[in-house]
Each structure stands twice: as structure tokens, then as C-alpha cells.
Amino acid sequence: MKIIVLLKMVPDVVEELELAADGKALDTEFLRMIANELDNHALEEALLLKEKYSGTVTVVALDAPEVDDALFTALAKGADQALKITDGDGTLGTRAGAYRLAQTISSIPGLLPADLILTGAQAIDDLDGLTAPLVSHLLRLPQLGIVTKVSVDTTAGVATVLREFPGGVRGEYEVKLPAVLGIQAAKKPPRYVPVAKVRAAMKSQAIQSVVAPTAADGGVCLLPVEEMTKPEVTEHAQMLQGSPEEIADQLCEILAARGLL
Amino acid sequence: MVTANHGVFSPPAPPDITLENLTEFPEGRRVLTCIQCGTCAGTCPYGELMQYPPRRIIGMLRAGELEKVFTSDSLLNCVACYACTAKCPRGIDLTGVLLPLVKEQVLLRLPEMPAELQKALENKLRYGNPMGESPRKRAAWVKTAGVPVRILHEDPRPVDVLWFVECYSSYYPRGQQCARAIAKVFHALGVDFAILGNEEKCAGECGRLSWERGLYNTLMEYNMLVLGKYQFKRIVTSCPHAYDAFRYRYTALKFNYDLMHVAPFLAQHFDRLKPMLKRKASCTVTYHDSCCLARHSSVYEEPRLLLQAIPGVKLVEMTHNRVNTICCGGGGGGMWLDTYYKAKGYERLSERRVKEAIATGADILAVACPYEISRFEDALKVLGYEKKMIVRDIVELLAEAMEV
């Protein structure tokens, strides 16, 4: 089975995010990038599928600061190949990023068709979870998002996936391969890889740099950012004090005053 | 400033002792001199819970059946407390050599790494601290120190004492109180000191003892690089785990700085310190010997000397003291395995220790390791003793007595 994982670097919110002087982007001076958490789940799911059905896992990422660490970590975890798309300024939005990913993976001889293309269902800078649908649209493949379980019938070329919906509703789908899946959670939490293994991977394995084919535009509209602002600080929470009965009374009053009772 | 631009991984370190090359090292060959007396298992605080206590591990090693040991997770209970090492009649360094290597294999074979431990290890690699706090905030506590604290990358002039603050004192609110106390005491004594500030990263806990060799080597190489940038006469650290790592592990990278834990360092200034301890405390104190500082490095008397110098302090001993101390449960990665132990229904060692402390009738449990403040305060709350006893670092008690 051939699996491609699309991995993207996102701002690490351990550092406070600051706005750049022009008010249109994040200040990159102290910004650190980290692999999108759900992309790590996509990688884990890919590795679990590889372990179960055998095959190969190729990780593809757009160039960004610290992306090499993320790719070597993926290789140390068991990915077979790591590709880094080197052109681009790392500030692509979701739509342009998805376009570049789709365009590049279709331009590499022998990479497609893959049985599955997995990526995170969301990212902190893509809460709409558009990467998987956009890539699938560009590659003309079926897509399912918010996936929490994947099993594959390799002879029939079909995957059975569990997709989550709001309100605790889940749906089981059958999808013909090849397909694109937006992974919400792997079957197991992303594995730990000993640092020594990553260091060994850095010595013995390589990240392949690939250049995206010249954009033929392809109808991609790069929405320019006009303004970026910090969230507005709203009023602080009101702490209710007193005995449980008094607190209950106060709570009822507040709810009634707001027209919620 | 050493930046993270080149990534968090550094090049591979020199060859290290492994299970495969064990007998190529004198300390590895010594393991094979075991007489199977079982003192190790008897002295181990979690010995009765281990399917393979140290004695059996050596037996299995000799029988060529070590692979079986790896399938049991019982060695995750090893809190790297050096009890077995200290008591071994053959002088086998179980805690320092054999057990972390076996533990590494146990962890690698687990179907899932305990989540808390995994997060702590990933955080140490990426952020240089187990909590996952911003490395840029490591020195943030300095603003509230109340006395000037020089940060070397801002003012790189040579300094007498390089104080290695470590993670819990830098980030954890209760630890920061201790850091402030140390800064104040240093300042009052006129110590010429400075810290690495945001350039400092976790020393690697007690080195390999939290099992992750690659992580430990990465942190070690990084810290050696940073230390090499500055001129100082000695390193003083308030963290026994960093002390342990520096003293026994960093030597692999030719660490030969003059090194002291803060307690013996202050004991050196005893004659000047004593008259400054003016405020009468009127309390009974029991002192918990930390594994790394006490049992592994024989620092027993200096903390007691300092405590007894405080007017009104009556020092009482717990049943297990000095070389017989009981681990707080935080070593060897245990700091991040509490949930795992709890899920298995094991008694937390911090709770066992606190019960002993309460039995002395003391009001204050004095400690000299930043891990212990949080562990014992939590244990006191869990057992409902939080009104009976408080936990204080010895330097906090000194600062209070000095009224600084």
C-alpha cells in the first residue's frame, strides 16, 4: 500500500504570537514553527496502516522553519521517504498551500497514484480544515474529513473509515481508493521516537528537496491579508461567592436577567 | 546567544555504553560480578512491585534471557534513587549503568508510552524544560527576585558563581519562590553570581537515568556549548538532578568545572551566614535527604548544619534518613509517571515519605531539591495533612531567618 502524508508547519503557540509592524502578518522574530498536531496523527495513522498492510509512507511538506526536524522525526518513526517543497516563502495560505502540494505531488514521477493521501483534518491556521478537500479537488479524488478510524481492503481497493459529526454522531463510510482523508485522530496517540533514532536518521537518511512546478495559476486566488489583529479582550469572568444555595440564587438571577430562563 | 535556528537536534555523540557493549566498559563488567544476594530488590522502594527486580535482571542477563525482562513494564517503577547501588555489596552501579539501559528497552517495547512521560520528554527536547513552557520565559522570574540577578548573555563579564537554576525553579511558581530566596541569600552574602537565563536548558535530569540517551546527549551537548561561552569560577546549582548530571555524566564531554550544590556552597559561607540568621523560627523541622544529593553524592551534613543554624529550629530525623532515605518518587522519569503509577494502584512514594515526616511530629519538611517541593506539597494535600506540615526548601528557611 502506498500512502502519502501531507505535513505542514504551523506557528507554535507556546510562544506568544506577536503582530508584525505592518499589522498584516505574524512577527517572525521569535516565532517558532511546529508540525501541525493533526498532521502528526495523520502520520501515525499512515504508519499504523503500513505496519498492518505493509507498503510505503512518503511525507511531503512545504518548506518552513524547523521543517527538517519534523521530516527527520517522521523518517525516524518509520516513514520511507521525506520530500520538502523548497520554493515558496512559507507564508502561503491554506488554499495556495494545498494547490502547491497537489501540483507538486502530481509532478513527481511515480509518486501518484497513491492508495491514500492523509493529512490533518484541521490546523490552527486552517480551522475550516480545507487542506484535504482542496487537495482532493485538485487531484480529482474522493475525500472524507474528520476521520478517526481507517481500515483497508487491499484486494477490493476500498477503505472503510469512521467520520465524526457534531453532537457525537459518527458515520461509517466506504471509499474507493485512491482517496484523500483528513485525519482527526489516529488509532493511537502519535508515537514517541527516541532522539537517538532521529539523530541516526539525520546521518543515514536524507530529505529530498523538490521544486514545485511553475504555477499555471490554476484558478488559485491568493487572498491578501489586509489586517491582522489580536483577539479583543472581553470582560473577565464574574466569580460567584457564597453558599451553594446563595450561588444557585445568584445564578438564576443572572440567567433570568439575560433572558435565558 | 545560541539560537534554535539550526533545529533542536545536534550531531551524534561519542559511543556510549549499551546493553550490547556492556562488557567493554569496566562498570559494565562489574555487573557480572553479582552474587545474587538480593539486597538490591530488598532495598528498592518499589521492589515488591517489580516482576524483575535488579537481582533477577542480572540473572536473566547471565542466562541470555534479557528479552523476557523487556516485556514486563515493571522496571518503569525504577525511580533511579540509587538505593540498590548504595547497598550493593559488590559495588555494582545498578542505577547508573544497568537499569536505565534495560528501562530504555522496556519503554521502546511498550505498546504506548505513558502520555505524561512522552510529553515531558518531547518538551525537554523542544523547549528545554519538561513543562513545555516558552524558553523565552525561563528567566522571567528574575523580574520578581527583589534583588539584581545578572544574566550572562546580557552582561557577559566574568563571574565567580554561575548559578544553574534549572526548570522547576525557573518555571514552577513554588520553585520560583525558592529561586527568589536563593537570589536574596546570595545577594545578602555578597556572592558574585550570574545565571544563563533563557540560554539555559534542562541539564537532562539525572542524565541517562530518565532513560532517554539521545535526548540527554542533545541537552548535554547544548549546555556544554553555552557554558563554554562564559568565564566563571564555579557552577552552583540548586537542583540535585542537574548536580548529578554534571558530576557523573557531563564528564563524557570533559566537564571539569568546579561544581557545588547550593547547600554545601552556603555551608562554606557558614561563619558569615550564621550571624545573619536573626529571626527566631521556633519550629520543629525534619529534613528529607534527596537521592541524588545525599545517597549518590554523600551530601548529608551541610543541609543539617544550615538548618540547625537557624535560631529556634529543632531538627528531628525521619526513620529513613541519610543513606537510607526514601525517594520522593520523582527520579528516573517518575516525576512524569504519577498518573501511570496511580492507574496501577501503586502507592506514591511521596505519600509514603510524607507519612514518615508526619510521624516525626515536625511542622516543617525541609528539602533541597526542587522536585520535592511540589511532590511533597501534593502528597500532604492528598493525605489531608496540609494544615499539619509545610514544605520548605532549606534556602527558603534561611532567607526567612535572614529577613531578606
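Scroll up for the structure.
Sequence order as written defines the numbering, with residues in each chain counted from 1. As a convention, the first chain written is A and the first ligand written is 1, with the rest following in written order. Two thresholds apply to this predicted model, a pLDDT of at least 70 for residue-level local features and 80 or more for giving and counting side-chain atom pairs, whereas whole-chain, interface and lining totals are computed over all residues. To get the side-chain values, take all heavy atoms of the structure and skip hydrogens and water.

1. Some words on the nonpolar core
Residues and elements named next belong to chain B. Defined as follows: Among buried residues, those of type Ala, Val, Leu, Ile, Met, Phe, Trp, Tyr and Cys that are joined through side-chain atoms within 4.5 Å constitute a nonpolar core. Note on exposure labels: buried denotes an accessible area under 20% of the residue type's maximum, exposed denotes more than 50%, and partly exposed covers the range between, all computed with a 1.4 Å probe on protein chains only. Labels follow the DSSP assignment, with helices taken as runs of H or I lasting at least four residues and strands as runs of E lasting at least two, numbered in each case from the N terminus.
Counting 90 residues, the largest nonpolar core has Trp141, Trp163, Phe186 and Leu266 as its most contacted members. Of the residues forming this core, the biggest block, 8 residues, is contributed by helix H9 (residues 173-189). Cys40, Leu117, Leu125 and Leu219 belong to the second-largest nonpolar core, a separate cluster that totals 58 residues.

2. Some words on the interface of chain B and chain A
Formally: Any pair of residues with heavy atoms lying within 4.5 Å of one another is described as a contacting pair. Basic side-chain nitrogens of Lys or Arg form a salt bridge, by our definition, when they fall within 4 Å of a carboxyl oxygen of Asp or Glu. Two N or O atoms form a polar contact when they lie within 3.5 Å of each other; inside protein one atom must be a possible hydrogen donor and the other a possible acceptor, and for residues adjacent in sequence the pair counts only when both atoms belong to side chains.
Facing the 31 residues of chain B at the interface are 24 residues of chain A. At the junction of chain B with chain A, the criterion picks out 5 salt bridges. Close ionic contact of Arg126 of chain B with Asp12 of chain A constitutes a salt bridge, the shortest N to O distance being 2.9 Å. The tally of links between chain B and chain A comes to 13 residue pairs in polar contact (both at pLDDT 80 or more).

3. A short note on the pattern of salt bridges
As enumerated under the stated definition, the model contains 38 salt bridges over all chains in all. Among the ionic pairs, Arg191 of chain A bridges to Glu44 of chain A, the shortest N-O distance being 2.9 Å. Separated by 147 residues along the polypeptide, Arg191 of chain A in the loop between strand S10 (179-183) and helix H5 (195-204) and Glu44 of chain A in helix H1 (residues 37-53) bring together distant segments of the chain. Among the salt bridges present, the one from Arg322 of chain B reaches Glu301 of chain B, with a minimum N-O distance of 2.8 Å. Residue Arg322 of chain B is found in the loop between strand S7 (313-316) and helix H16 (338-343), and its partner Glu301 of chain B is found in helix H15 (residues 301-308); the two are separated by 21 residues along the sequence. Judged by relative accessible area, which is 25%, Arg322 of chain B ranks as partly exposed. On the basis of relative accessibility, which here comes to 42%, the residue Glu301 of chain B falls in the partly exposed class. In the salt-bridge network here, residues are joined through shared partners; they are Asp289, Glu301, Arg304, Glu317 and Arg322 of chain B.

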